[in-house]
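Close look at the chain arrangement
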Amino acid sequence: MAEAAAGRGRRAGARLREGAPLLPFFAYLVIFLVIPTVAVLVGSVYLDGSFSFGRIHELFSSTALAALWKSVLLSASTAVVGAVLGAVLAWLVASSPPTSVLRRMMLSLCSVLAQFGGVALAFAFVATVGSTGVLTLWVAHLGVDLAGSGWLYTLTGLVLVYTYFQIPLMVIVFLPALEGLKAQWREAAVSLGATGWQYWRQVAVPLLTPAFLGSMLLLFANAFAAYATAAALVSIGSPIVPLLIRQALTSEVVLGQSGFAYALALEMIVVVAVVMVAYTLLVRRTSRWLR
Amino acid sequence: MTRRTRALRVVLLVLFGIFFLLPIYASALFSLRRPGGGHSMAAWTAIVSDDQLYPAVLVSLGLAFVSVVLMLLLLVPTMIWVRLRAPWARRLVEFLCLLPLTIPALVIVVGLKGVYAWVTYFLGFIGLGESALALTFIYVVLTLPYAYRALDTSLSAIDLQTLAEAARSLGAGWTATITRVVVPNIWSGMLSASFIAIAVVLGEYTIASLMGYQNLQVVIVLLGKTDGPTSVAASLATILLGFVLLLVLSLATRGRRRHVVGGAVR
Amino acid sequence: MSQRPTERTPSDRSRPGVSVELTDLTRTYGQVNALDGLTLRLEPGELVALLGPSGCGKTTALRILAGLDEATSGTVAVDGQDLTSVPANKRDMGMVFQAYSLFPHLTVLDNVAFGLKLRGDDRTNRHLRAAEMLELVGLSEHSEKYASQLSGGQQQRVALARALAIRPRVLLLDEPLSALDAKVRVQLREEIRRVQLEVGTTTLFVTHDQEEALAVADRVGVMSHGRLEQIAAPAELYAHPATPFVAEFVGLNNKVPAVVSAGKAEVLGVQVPTLVGSVEDAGLAMVRPESLSVRADSEGTASITSVAFLGPISRVHCTLADQTPVIAQLTSSQARDLAPGQRVSLEVEPAPVLVVPAATMGA
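Residues numbered from 1 in each chain as written. Chains lettered and ligands numbered in written order. Predicted model: local features only at pLDDT ≥ 70, side-chain atom pairs only at ≥ 80, totals over all residues. Heavy atoms only, no water.

Section: the pairing of strand β9 (residues 219-224) of chain C
Residue and element names in this part refer to chain C. The condition is simple: For the exposure calls, accessible area comes from a 1.4 Å probe over protein chains only, and a residue counts as buried if that area is under 20% of its type's maximum, exposed if over 50%, partly exposed in between. A run of H or I in DSSP counts as a helix once it spans at least four residues, and a run of E counts as a strand once it spans at least two, with each numbered from the N terminus. Here a strand pair is declared whenever DSSP counts at least two bridges between the two strands.
Within β9, 5 of the 6 residues are buried, which leaves the element mostly enclosed by the surrounding structure. Note that strand β3 (residues 47-51) and β9 share 4 bridges and pair parallel. Across the sheet, the residue bridging to Val48 is Arg219, located in β9. For β9 and strand β10 (residues 227-232), the ladder comprises 5 bridges, and the chain directions are antiparallel. Along β10, the bridge assignment pairs Ser224 with Arg227. Following β9, the chain reverses through 2 residues before pairing antiparallel with β10; His225 in that reversal takes a positive phi of roughly 50°.

Have a look at this one:
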């Protein structure tokens, strides 16, 4: 009994010694990641000393629901289009020689556009199809009004610009799965009598489907949480959830909306977390296959 | 590959090429426009001369540098230690590092606003006060998922346990083991973590704008309302810089791989 | 094998074996000649092993036969029919790869039935046939598992069943055992041979492991630099190597200085007959370790450097008077009284040897 307790004590002591060097890291993440997240969770139901579901209730107001619907529409449409086109592009990349400079340039460009574009992408499209954009002026000679009624600054414009970063993101997350297809599988299928098409239909597609769906979910989460591109393009109105959060944050003092931002942020966490969990489950399955 | 597939590949590559390069090409043309007509480099020289833009460029570069240093100091010893002495914490560390992918930057801002008084107190305490450099603490969090993956890859490529045991048996203490034996062997991972972190910080807009700091991207958006060509030039510059950083990284790793193959042939 | 392959009763499980002819195959990759005029004939029902070091062209030959690679020149014929321009998926060849070739998203049963499904067999028939094949390789109880739940040896047995399920005209085995543990390797190679004899399919087995090749094949072809050095039954290959390369590659050999005259070589003081291809004057005789006997002799000119005990046998490492190192293989009881440092005399048994020029063998 006493010995067991002493053993536990020793083990706990060892844990403490092993754990001590990790403390700065944990402390840092608690302060700058965990506390803000918890603050959102708490703040959405508890603020200024009182507990209420009022703010959660506000999520079901027509403004908030409309924004949620448009966010889902934007994220889903760009996730589907991005996943399909991105998978095609990933196939083009995967079948090029792995050391070619063109391939490396394509992957670097994809990485930049997918992950670090934000504001810059918005401006690139303003410069292309905005009211004085380069392409707009070119086709104006042909009598076509490309900029139209300022569609670039509405949901339609967001769909175009989001697709522009969703496709490269798909390339980056889907390429490893595509490259995980082993040459032996194709050769085994062919030697058993499969045509190229039958190999794709019966081996490659079933193997890639979980990775494809998982990547599509990741794209959805990515679009749902994106802020910079939308904020740079849309300055009037708040059609989607991230922009509604901006509005709530910047006007909370004026309108006494304090706390609505918390509820919207909570909504965002919930949507993104659900999608990411589904993504993890799907990808875990694929990674067992395509190691 | 049949001739038909090859033709299809070329056609598709051209279409994707047009879709992706047209906006970049258009940005380049747009940035050379002069308000009255004709061409000039004025928008590009503004990046290092404009009263509003240049300070923001410096702020963002400074943020990138400080964030990289802080990220490496925080992450490298932690990841090494976890692999050597505290494997029980590995899943937790990985979870925390990848968490920012699930918790959008926007949510972190909202949360931070709630504990803002506390944050400003903390920043005042360490002498940063209202400086934009305060952003560095949150930027480190944003870079963690990318940095973790880069470092994890290069740590997995070496036999850390054996290296450390060898160093310790030769009389090195933990500090010497990490700084003189392990770090030189994960140099490439640290480099790629740093490059990616620089790209993240230079492109960051969400947190800076909502917390009211003026970094490069915030000023680009401000300028967009008055001086289109300059803001387009500056945003194109950040994309190109990120592209060059990642391409250099990719070519550098290829150089090493080729070296190994060459050695095997000889 | 005294029994001729064609005389075997054809199994009802498979079509009877057919002949395979590779004629003057070459394959160049840029500057490299992977195959340099390979001609090889497999008799119906025969198992031929292609043996050689990596890069000798043996896998290229198998892949050209499978249709997965194209020959630069030369022809491939099966049962007298030219297949050179027939695509891989129309060749009816069952192939087993080095490893990891099972489709991970299908069960074992569906993997084995895959080729039959492509041939349009209905569900009942293909499952019956697949079950029969799984029984043949002894994996019936694993039919609902996935590849990731099987050991490496089990996966390769499933791959064998899958290749045989389509009643292939030829069975191709591309180093099927090289990714497995030593013990499983021995077990599985015997299993492969048993199954092959049972179905009677003409089989090409590519390997770099000489023991494996000698153990399973009717005939072994030794390849080097894209050419066939010699093809013969295992015992013949071992006893009568035709070229220095074969002599050195197959089995362990001592190189003992010898003087040849009138078809006889004098090796360690003993007159020994020489094999075709030997030199006509002084050279090095390729002497098997088991052809040497060691006798304790205080007047002997050789001395023992070390004795390695390997269970039933022992290898005695000696140095001759001229410092040439040689290895003798004795039964452990014969070697019991030998110790390092001891002076001994060596004797060679009068079996025919190949005597090669001293220069080509190098040091």
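Notes on the pattern of salt bridges
One side chain can pair with another of opposite charge once the charged atoms of both are near each other. Residues and elements named next belong to chain C. This is how it is decided: Here, a salt bridge means any side-chain nitrogen of Lys or Arg that lies within 4 Å of a carboxyl oxygen of Asp or Glu.
As enumerated under the stated definition, the model contains 17 salt bridges over all chains in all. The residue Arg129 makes a salt bridge to Glu132 at a minimum N-O spacing of 3.9 Å. In this pair, Arg129 and Glu132 both sit in helix α3 (residues 123-136), 3 residues apart, roughly one turn of the helix. Overall, Arg129 belongs to the buried group, its relative accessible area being 5%. With a closest N to O distance of 3.2 Å, Lys255 and Glu248 form a salt bridge. A relative accessible area of 23% means that Lys255 is categorised as partly exposed. Taken together, the shared-partner salt bridges connect Arg157, Glu191, Arg194 and Glu198 into one network.

Quick look at the side chain of Ser31 of chain B
This is how it is decided: As used in this structure description, the phrase polar contact means that two N or O atoms lie within 3.5 Å; if the pair is within protein, one of them must be able to donate a hydrogen and the other to accept it, and residues adjacent in sequence are counted only when both atoms belong to side chains.
Relative to the helices and strands, Ser31 of chain B resides in helix α1 (residues 3-31). Here the side chain of Ser31 of chain B touches Ala28 of chain B through a polar contact of 2.8 Å, landing on its backbone oxygen.

With respect to the packing of α3 of chain C against helix α4 (residues 152-165) of chain C
All names here are of chain C. Quick reminder of the rule: Simply put, an axis is a line fit to the C-alpha atoms, just over the touching stretch for a helix, and the angle between two N-to-C directions goes from 0 to 180 degrees. Each angle is binned into one of four classes, with values under 35 degrees roughly parallel, values over 145 roughly antiparallel, values of 65 to 115 roughly perpendicular, and all other values oblique. Crossing handedness is read from the near helix: turned anticlockwise from the far helix by less than a right angle, it gives a left-handed crossing, and turned clockwise, a right-handed one. Contacts were defined at the residue level, with two residues in contact if any of their heavy atoms lie within 4.5 Å. Residue polarity follows a fixed list, in which Ala, Val, Leu, Ile, Met, Phe, Trp, Tyr, Cys and Pro are nonpolar, Asp, Glu, Lys and Arg are charged, and the others, Gly among them, are polar.
Contact geometry for α3 and α4: axes closest at 9 Å, N-to-C directions at 135°. Relative to α4, α3 is oriented oblique. In terms of crossing hand, the pair formed by α3 and α4 is right-handed. Side by side, α3 and α4 meet where Arg129, Met133, Leu134 and Leu136 of the first sit next to Ala161, Leu164 and Ala165 of the second. Of the residues in the contact of α3 with α4, the class split is 6 nonpolar, no polar and 1 charged.

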